Amino acid sequence: MKQTMAQLIGRSALVLALAGGVMPAAVASPAFAERKATLGPYGYGTLKLGMTAAKARATGRITRKTVGDSPRCTGWDLKENPYGEYRVGVYISKRRGLAMIVAPPGLRTPQGIGLGSSRTRLKAAYPRLRRGPGGYPTADVPGNRQAFYIFHVSDNKVAGMSLVLAKQDCVRY
């Protein structure tokens, strides 16, 4: 059965976003992996939570992707690691600014958690880990009270993670 784009987006946008970590269609370039980049506490490199779409675009790090669009938010991809046809790597709220960054392969939190980290290591890094309303494990971001992490754990390993602006209107978690 064919689904419209609105139906696909209408489902949990979080599931679509986190699926990027579950189905690694894109592989991080060697240059990306060598940079020892981190996700958090305020963003990823020059991309900062809360920045406008114009400022985010001006960093030169993202590219527009209409598949993630909703009346309130626009979808984008990281240029260095674009996702497949029906997934996005960044959501930007028209009201709140950059709302969510989905971690590509090779990216870690300042606490050392990345795709492939064990559930045990995740709990050690974030002892106050809790289950969010959508069922995904969430954690406060040390050093930034206005953000949190969402993790997708599969087979006792981190299969997806995102840095999310706490007050945003793009995704349900």
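Keep in mind it's a predicted model, so treat the numbers as computed, not measured.

Of all five residues in strand S8 (residues 137-141), four are buried, a share of seventy percent or more. Sheet analysis places strand S7 (residues 130-131) next to S8, joined by two bridges and oriented antiparallel. Counted as the bridge partner of Arg130 is Thr138 from S8. Connecting S7 to the antiparallel partner S8 that follows it, the hairpin turn spans five residues, and Gly135 within it adopts a positive phi of roughly 95°. As paired elements, S8 and strand S9 (residues 144-154) share four bridges and run antiparallel to each other.

Turning our eyes to something else, we now look at the confidence of the model for the protein chain. Scored by pLDDT, the protein chain has a mean of 83; 79% of the residues are at 70 or more. Within the model, pLDDT remains below 50 along residues 1-34, and this stretch shows 56 contacts once partners closer than five positions in the same chain are excluded.

Using the criterion set out here, one finds four salt bridges in the structure. Residue Asp69 pairs with Arg64 through a salt bridge whose shortest N-O separation is 2.8 Å. Accessibility expressed as a relative area gives 23% for Asp69, which makes it partly exposed.

Time to look at the state of the cysteines. Under the criterion given, the structure shown has one disulfide. Linked covalently through their sulfurs, Cys73 and Cys170 form a disulfide whose S-S length is 2.0 Å. Here Cys73 and Cys170 share a disulfide; its torsion about the S-S bond, -95°, makes the bridge left-handed. Here Cys170 lies in the segment after strand S10 (157-165) and Cys73 lies in strand S4 (residues 73-78), a separation of 97 residues in the sequence. Exposure class is identical for Cys73 and Cys170. Each is buried.

A few words on the environment of Tyr83. Following the sequence through the fold, Tyr83 ends up in the loop between S4 and strand S5 (90-93). For Tyr83, a relative accessible area of 10% corresponds to the buried category. Expressed as a C-alpha distance, the spacing of Tyr83 and Pro104, which sit 21 residues apart in the sequence, is 8.9 Å. Among the polar contacts made by the side chain of Tyr83, one reaches the main-chain carbonyl oxygen of Ala103 at a distance of 3.3 Å.

Criteria and thresholds
All chains use their own residue numbering, which begins from 1 and follows the written sequence. With the structure being a predicted model, the display of local features is reserved for residues of pLDDT at least 70 and the display and counting of side-chain atom pairs for 80 or more, all residues being used for whole-chain, interface and lining totals. Based on all heavy atoms of the structure, the side-chain values leave hydrogens and waters out of the count. Note on classification: 1.4 Å probe, protein chains only; a residue is buried when its accessible area is under 20% of the maximum for its type, exposed when over 50%, partly exposed between these limits. Helix numbering and strand numbering both begin at the N terminus, where a helix is a DSSP run of H or I of at least 4 residues and a strand a DSSP run of E of at least 2. We call two strands paired when DSSP finds no fewer than two bridges between them. What pLDDT reports is the predictor's confidence in each residue, on a scale of 0 through 100. Whether two residues are in contact is decided by their heavy atoms: any pair within 4.5 Å suffices. A carboxyl oxygen of Asp or Glu within 4 Å of a side-chain nitrogen of Lys or Arg is what we treat as a salt bridge. Any pair of cysteine sulfurs within 2.5 Å is marked as a disulfide. By the criterion applied in these results, polar contacts are pairs of N or O atoms within 3.5 Å in which, for protein atoms, one can donate a hydrogen and the other can accept it, and in which residues neighboring in sequence qualify only through two side-chain atoms.

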